[in-house]
Structure formats: C-alpha cells, structure tokens
Amino acid sequence: MKRTHMCAEVNENDVNTEVVVMGWVQKRRDLGKLIFIDLRDRSGILQIVFNTEKNSELLRKAVQLRSEFVVAVRGMLVNRSNVNPDMPTGQWEVLADELRILSKAQTPPILIEEEVDANEAMRLKYRYLDLRRHKMQKNLILRHKVAKTARDYFDENGFLEIETPVLIKSTPEGARDYLVPSRVHPGKFFALPQSPQILKQILMVSGFDRYFQIAKCFRDEDLRADRQPEFTQIDLEMSFVDVDDVISINEGFIRRVFHDVLGVDVSTPFPRLTYKEAMERYGSDKPDTRFGLELVDVSDIVKNSGFKVFSDAIARGGSVRAINAKGCGAEFSRKEIDSLGEYVKTYKAKGMAWVAVEENGLRSSITKFMSDDEIQGILKRTEAEAGDLICFIADKNEIVYDALGHLRLEVARRLNIIDDDKLNFLWVTEFPMFEYNEEENRWDAKHHPFTSPMDEDICLLDSDPEKVRAKAYDIVLNGVELGGGSIRIHDQDMQGKIFKLLGFTEEEANSRFGFLLEAFRYGTPPHGGLAYGMDRLVMLMAKTTSIRDVIAFPKVQNSSCLMTGAPDVVDEKQLKELKITTVDQIGTQERINEE
RNA sequence: GGCCCGGUAGUUCAGAUGGUUAGAACGCUAGCCUGUCACGCUAGAGGCCGAGGGUUCGAGUCCCUUCCGGGUCGCCA
C-alpha cells in the first residue's frame, strides 16, 4: 500500500475516491459491530470506520487496535452521516476496506492529548511521545518556518550563510566554556563556541561583507526557563555599517518573519530607548512596555526627610524611587503588601516602604516620619489617586532599579494587566561600555571587548570610563531580550586601548585573541552585527513561556537529558586515549599508593 | 551554592488536627453495544505514598538526611 493522503489533507474532491492513509491510532471507539478509529499523523486527525455489514472479517481485525498502534488503512473517503463540526476533517471519514497493523504499541505512559498537564519530567523522559502532541508538532513546525524565513530573508538581502567551527579555541571571558579534550594533543582542549562572535568578525576581515548563520551555541551555566546549555542563534554580521544600518535590516527581518510565519503585521521602526532611559523609566534594560507603572524618582523631595532610610540612601549617593501601583491600595490586603516587600528582597532591596491612598486619608508604613510637604510632593509626583498604592525603594541606584523593575512586573502580573496580544518591540541603545567588577576590582566589558565606544564618548575613555557609552543595542520584545549586538572596533589602536582599560596586559590579549588582533592588521572594514536567541524568538511566537517547548530534546535544570541519560560515564578506554583521569580515580590511586 | 514549590495507582490529583482496609478521574483489562467522536453500560486489575533514618503504641501525614522535577537569586562577556 502506498500512502495517498495525509490525514487532514483530504478534501471534497477526494470524496468517493479510494484513499490510503497511515498513522497512529489516536482513539478507538468500539460500538460492537461498528468501530471508529481516529487516525493521527502530523497533519491532523481523520476518522476511519469499520462496519461489520461491510466487512466482518476486517472488523475483527480492528478490534485488536489499541492506542498508538501504527496502521495503514485503505478505503473510500465518504461524507459522514453525522458531521463533527469540531473537527477540521469532521465531514468525512474513511470507510475501511483494508487494514494493516504496521506496528503494535505498548500502552503509552503519558496520554497523547492536547490537554495533558503531564509532569514535565515525564514529558521529557518520553519526549518522543510528548512530541506526538499537536501542540508540540505545531511548535517545531513554527520553528522550522522561522529558520526558513531567516534563510530566505537574509539571502535576499545579500547575506551568505557560512558555517563556523564548533571545535574552537577557548577565549575565556563571559560564560563558562564547554570543553572537549583533544586526543591528538594530550592535555589540550577545544572549547565549544558561546557564539561565533570572533569568527564572524574574521569573516568580515575576509571580505564576505554580509554573513549570517543559524548557529548552535554552548554555555556551561545554570539553566532557566529561557536558558539552555545549548541553544541556537540567528547570527549575522555586516561590513561598512553603523548602528542604524544594522537596526534597519533587522527591523525588516522581524517584520518579515512575523508576517510570513504568523501572518501578523508588525509596524516599524521600533521605538528606541537609551539604556539610561530604560533604567530610569522601567528599572530594566529589557523593559516590558505593554503596561505603565513607570518608575518615579522622588529623591529630590525626600533628600532631607526625617525618614532616615530615605535621606541616608540619598546621602550615600543612591536614590529613592517609587511606582504607583494603580488601584492596589484598595485591592491589596496588608498581607499582600507585605508579600511585595518580601518579593523585593530577592533583588537585594532591604525593604519596601509604601503609602496606600484611601478616600479619607493615607494608610502607610512611613508617613509618620515625614513632613506634609514631602507627602504632598510625593503624591503629586506619582499622580496618586484614591485607591492607589505607592511603593518605594531606597538604596544604591543599581538595587533600586533592579528591585523596582521586578516589582513593576510582579504588580502587573498580580493585577493581570498585561495584554498577551500586544507585540511591543523596542531597541535599547547606548549601553554603557564598561561595568565595574567589585570582586576583581576592575572594569569589565558590558557587552564584549570588541564593542566600539560611541564616537562622542571616546574622549572620556581615560577620564571617566563609567560614562562611556557603547555602540551596542539589544532588541527586546515584551520584556524579553530577543537579541543583541554592536558595532565592533576595527581600529587596532582603539582595540589596544580598550584591552588596556579592561586590564589585559599585551601578553594576555595576545594569548587570548592574538589571532584576531593579527587578522585586524591586514585591513579591516568597519563592521557590526547582531545575534538573536532563536529559541526565545520562537518561544514568544508560539506564545509559550519556556524555550523547552520549542526545542525537540531539551535538557533539564541540572543540564542532563532525561530521555538519553546524558551526560554519562564513558569507557575507561576512551579516557585513556584522551589521557584523562577523573578526580575520583586520582583519589583511588592516592589511596592505593598510601596503602 | 542560597531561597521557594512539588514528588501518593500507568497518568493527573485528593488525602485538617498522626489512628484500623490509602481514594477519585482518566487510562488499562474483560464482557455487552451499528453512528460514535470526552461514546455508553457492567465487571475487574492496578500502590515499597521518591529513598534512607528518626520520633511515636501507631507515620502518606511530624522531624532529619538524601535523590528527582520546576521556579528564582547568584551565574549567563
């Protein structure tokens, strides 16, 4: 038998013709002398009917069918007497003439149903069953379409897809590397790329002008709902460009991918926020602008306040900022307000002061310490009305932003005011070039050490490195960092200066990035680019909240794969070839030696 | 590494204050049923209550340790 149709791809024109369909038994409804089968393939579900009047022999065979058997069915596609309006193929069914059981199946440990809320561990252990679910198939089909659209779009815009190696030189900095031992060079290791960053820059030196790649990347760090140890970037780089060129080609891509894959029209250009503005208004460098609750700085009002928590924070160079949680004063109990106070402690805030505005007065933890002028000033600045709850954080700016930025999101979630249908794209630009590393007592690159400073800030490099802004940009969708990039340094002298500022000696810079620095000596075009977290992009397009839902075989929080059991021990022989001894073995060896 | 939530039939869950024989739904097995599509009806099987230790006359329930899954902080140039 040769398959003629996918289950859900039959139509009126096929009625009264013979079809052959193959797939999995989704459901058997046995009425005695009449058996219905819902047959499922990746296209959908089609009902098969076995009728004793037509073929009693065949019906006896159909009795054996169970969930997830793989079968082939030949028969006439007919109009149903009882149409099922809830099913895309509900007006037809196949009147079976022949049934072949291609493969029997054990009863599956999880049900292949849309409404499964099976435990995720169970889903991941039996991932092949979980992936049979329509929703998961839809997600992976969506992912395929995103990848295809990326290839089409970038190809049409003159980008070349070029593969870069997966076994590369470790350039420590940033995330922890995954290492691969070399058999040929005992004691030496390859690293898996955290991103193709340096290699794509070298492709610019080679004159490829526009490069892109759908690249696997690896970072040996702890997992989150939106972070896996191996993930996929849509990575691109362009020569002879500045910030606006990169932004514009990427706005085109986003417009295209949402249009082609989801049929949604996204309007461009996207709003741009500087890093400074994003932090001051939203307390985050990846603000969710689908709702208000913006941060308000009240430092000037309370700098001399009798409430020492406020005045002291400001005296120490910090600030006091607030959000007006509209309606929460009326809505939240004391217990709920206190739980917000607990919530901000996650972000190192020592506490949360609050004022609930009521019809006939204020309910508050702090007003007794403050003057009327201060209180009135705050209410005016925060545009407080009866029913509102003003929440304050006083601390170092860094903590104030972080705590209030997260509090803002938490309040919005509790108030359920986030519109899931919105697609709020924006660019965050003008990131600081450096951030101070308290532990190591030096400046680190906020993006990476090849990021170009903004032209107008170059004069500040020596005097005020903290004030230098970079030609770096992130693209944000609904509070999720979708991607980021920068214009790179193409000038050797500037690169040397930046390395020096980052505290690299010449030898260190050479041993880490020598090959790149050398490449730059042979004629380097100005260049820049961007990389998307493809998993996150697909996750948001699929309207799910975990990238595990758009990755076929994801890993769990401890970086293992529940289906295959990776990572696992390997043969002694393999280790021997690699000249690798594990600490456990060393321990054993030492114990043996001691005895 | 820290904090929070969870782990009870195959699956999803319920099991106040410790108390005799641990329940439900779905799934599964068998029988009946010719228009079902959450098919229906009848009967049935199925449990080291994650693991180990402790308290107690008695532990699914309380305590300690540990393992597993999720969220989060740190981490993620």
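For clarity, every value in this text was computed on a predicted model and none was experimentally measured.

S.K.: So, the overall build of chain A: which residues are in play, and what are the values?
M.R.: Summing up its helical and strand segments, chain A has 18 helices and 22 strands in all. Counting only C-alpha atoms, chain A reaches 95 × 75 × 65 Å along its principal axes. Across the 595 residues in chain A, those meeting the buried criterion constitute 48%. Contacts in chain A between residues at least 24 apart in sequence constitute 68% of all its contacts with a sequence separation of at least 6. The positive charge centre, built from 81 side chains, and the negative charge centre, built from 98, are 5 Å apart in chain A.

S.K.: An account of the side chain of serine 284 is needed here, citing residue identities and associated values.
M.R.: Assignment of secondary structure puts serine 284 in the loop between helix H7 (275-282) and strand S12 (295-297). In this structure the side chain of serine 284 is engaged in a polar contact, spanning 2.9 Å, whose partner is the backbone nitrogen of lysine 286. Among all residues touching serine 284, those that are not within four sequence positions of it are Ala278 and Met279.

S.K.: Describe the nonpolar core, and please don't skip the residues or the numbers.
M.R.: With 59 residues, the main nonpolar core has Met352, Leu389, Ile393, Leu407, Val411, Phe434 and Ile498 as its most contacted residues. Per-element accounting of this core gives the leading share, nine residues, to helix H13 (residues 397-415). Ignoring any residue separated from it by four or fewer positions in sequence, one finds isoleucine 498 in contact with Met433, Phe434, Pro449, Leu461 and Ile489. Judged by nonpolar contacts, the second largest core, of 44 residues, contains Phe253, Val261, Trp427 and Met541.

S.K.: A description of the protein's contact with RNA strand B should follow, citing residues and the corresponding values.
M.R.: Lining the immediate surroundings of RNA strand B are 50 residues, of which Asp30, Glu53, Gly174, Glu221 and His447 lie closest. Taking the atoms of RNA strand B that fall within 4 Å of the protein, sugar and phosphate contribute 52% of them. The separation between a base nitrogen of RNA strand B and a polar main-chain atom of glycine 32 is 3.2 Å. In the environment of RNA strand B, a base nitrogen lies 2.6 Å from a nitrogen or oxygen atom belonging to the side chain of glutamate 93. Of all elements in the fold, only strand S1 (18-30), strand S2 (34-41), strand S3 (44-51) and helix H2 (120-125) reach the threshold of two or more residues within the surface near RNA strand B. Of all the elements, S1 adds the most residues to the surface near RNA strand B, at three residues.

S.K.: Tell me about the sheet that holds strand S20 (residues 472-477), and please be specific about residues and values.
M.R.: Strand pairing in a sheet relies on backbone hydrogen bonds. The paired strands run either parallel or antiparallel. Strands sit in the order S6-S9-S10-S22-S21-S20-S17-S11 across an open sheet of eight strands; the sheet is mixed. In the strand order of this sheet, the two ends are held by strand S6 (160-161) and strand S11 (272-274), each with one partner. For strand S10 (residues 230-239) and strand S22 (residues 527-533), the ladder comprises seven bridges, and the chain directions are antiparallel. Across the sheet, the residue bridging to glutamate 237 is glycine 529, located in S22. Its contacts with the sheet place helix H5 (residues 197-205) against strand S9 (210-218), S10 and S22, and it is angled at close to 25 degrees to S10. On top of the sheet, H7 reaches S11 and strand S17 (425-429); it is set at about 85 degrees to S11, its chief contact.

S.K.: Kindly report on helix H4 (residues 134-156), identifying the contributing residues and their values.
M.R.: Taking 1.5 Å of rise per residue, 23 residues should cover 33 Å, and H4 covers 32 Å from first to last C-alpha, within 8% of that figure. Considered for burial, the residues of H4 that qualify are Met136, Asn139, Leu142, Arg143, Val146, Ala147, Thr149, Ala150, Tyr153 and Phe154. The inward-facing, buried residues of H4 abut H2, helix H3 (127-130), S9, S10, helix H6 (243-262) and helix H16 (534-541). Downstream of H4 by a residue or two, glycine 158 has a phi angle that is positive, lying close to 85 degrees.

S.K.: If you had to explain the packing of H4 against H6 to someone new, which residues and values would you point to?
M.R.: Contact geometry of H4 with H6 gives a least axis separation of 9 Å together with a crossing angle of 140 degrees. Looking at the two axes, H4 sits oblique to H6. Once H4 is placed against H6, the crossing between them reads as right-handed. Seen from H4, the contacting residues are Leu142, Lys145, Val146, Thr149, Ala150, Asp152, Tyr153, Phe154 and Glu156; seen from H6, they are Ile249, Asn250, Gly252, Phe253, Arg256, Val257, Asp260, Val261 and Leu262.

S.K.: An account of the pairing of strand S4 (residues 70-79) is needed here, citing residue identities and associated values.
M.R.: With seven of its 10 residues buried, S4 lies for the most part within the structure. Relative to strand S5 (residues 92-103), S4 runs antiparallel, the two sharing 10 bridges. Across the sheet, methionine 76 pairs through a bridge with leucine 95, a residue of S5.

S.K.: Give me the sheet that holds S5: which residues, what numbers.
M.R.: Ordered in space as S1-S2-S3-S5-S4, the five strands form a closed barrel in which the pairing is mixed. Sheet twist, expressed as the mean angle between neighbouring strand axes with direction ignored, is 55 degrees.

S.K.: Account for the state of the cysteines, naming residues and giving values.
M.R.: Here the structure, examined in full by the defined rule, presents zero disulfides. Cysteine 391 provides the cysteine sulfur closest to cysteine 328, a residue in no disulfide bond, and the two sulfurs are 7.0 Å apart. With no disulfide of its own, cysteine 561 lies 20 Å from the sulfur of cysteine 217, the closest cysteine sulfur. Residue classification places cysteine 561 among the buried residues on the basis of a relative accessible area of 10%.

S.K.: Let's hear about the packing of H4 against H16: which residues, and what values?
M.R.: With their axes 10 Å apart at the nearest point, H4 and H16 run at an angle of 125 degrees to one another. One way to sum up the angle between H4 and H16 is to call them oblique. Judged by the sense of rotation from one axis to the other, the crossing of H4 with H16 is right-handed. Here Asn139, Leu142, Arg143, Val146 and Ala147 of H4 come into contact with H16, specifically with Met534, Asp535, Leu537, Val538 and Met541. Of the residues that constitute the contact of H4 with H16, the class distribution is seven nonpolar, one polar and two charged.

S.K.: Residues and numbers for a nonpolar patch on the surface, please.
M.R.: On the surface, Tyr128, Phe553 and Met563 cluster together to form a nonpolar patch covering roughly 290 Å² of accessible area. By secondary structure assignment, the location of methionine 563 is in the loop between H16 and helix H17 (572-577). Residue classification places methionine 563 among the partly exposed residues on the basis of a relative accessible area of 30%.

Scoring rules and cut-offs
- Residues numbered from 1 in each chain as written.
- Chains lettered and ligands numbered in written order.
- Predicted model: local features only at pLDDT ≥ 70, side-chain atom pairs only at ≥ 80, totals over all residues.
- Heavy atoms only, no water.
- Helix = DSSP H or I, 4+ residues; strand = E, 2+ residues; numbered from the N terminus.
- Buried < 20%, exposed > 50% of the residue type's maximum accessible area, 1.4 Å probe, protein only.
- Contact = heavy atoms within 4.5 Å.
- Lys, Arg positive; Asp, Glu negative; His and termini not counted.
- Charge placed at Lys NZ, Arg CZ, Asp CG, Glu CD.
- Polar contact = N/O pair within 3.5 Å; in protein donor to acceptor, adjacent residues only side chain to side chain.
- Core = buried A, V, L, I, M, F, W, Y, C linked by side-chain atoms within 4.5 Å.
- Near = heavy atom within 4 Å.
- Pairing = 2+ DSSP bridges.
- Axes fitted to C-alpha atoms, helices over the stretch in contact; angles between N-to-C directions.
- Expected span 1.5 Å × (residues − 1).
- Parallel < 35°, antiparallel > 145°, perpendicular 65-115°, else oblique.
- Left-handed = near helix turned anticlockwise from the far one by under 90°.
- Disulfide = S-S within 2.5 Å.
- Nonpolar A, V, L, I, M, F, W, Y, C, P; charged D, E, K, R; others polar.
- Patch = residues over 30% accessible without salt bridge, like charges linked within 9 Å, V, L, I, M, F, W, Y side chains within 5 Å.
- Areas by Shrake-Rupley, 256 points an atom, 1.4 Å probe, with all protein chains shown as cover.
- Salt bridge = Lys/Arg side-chain N within 4 Å of Asp/Glu carboxyl O.

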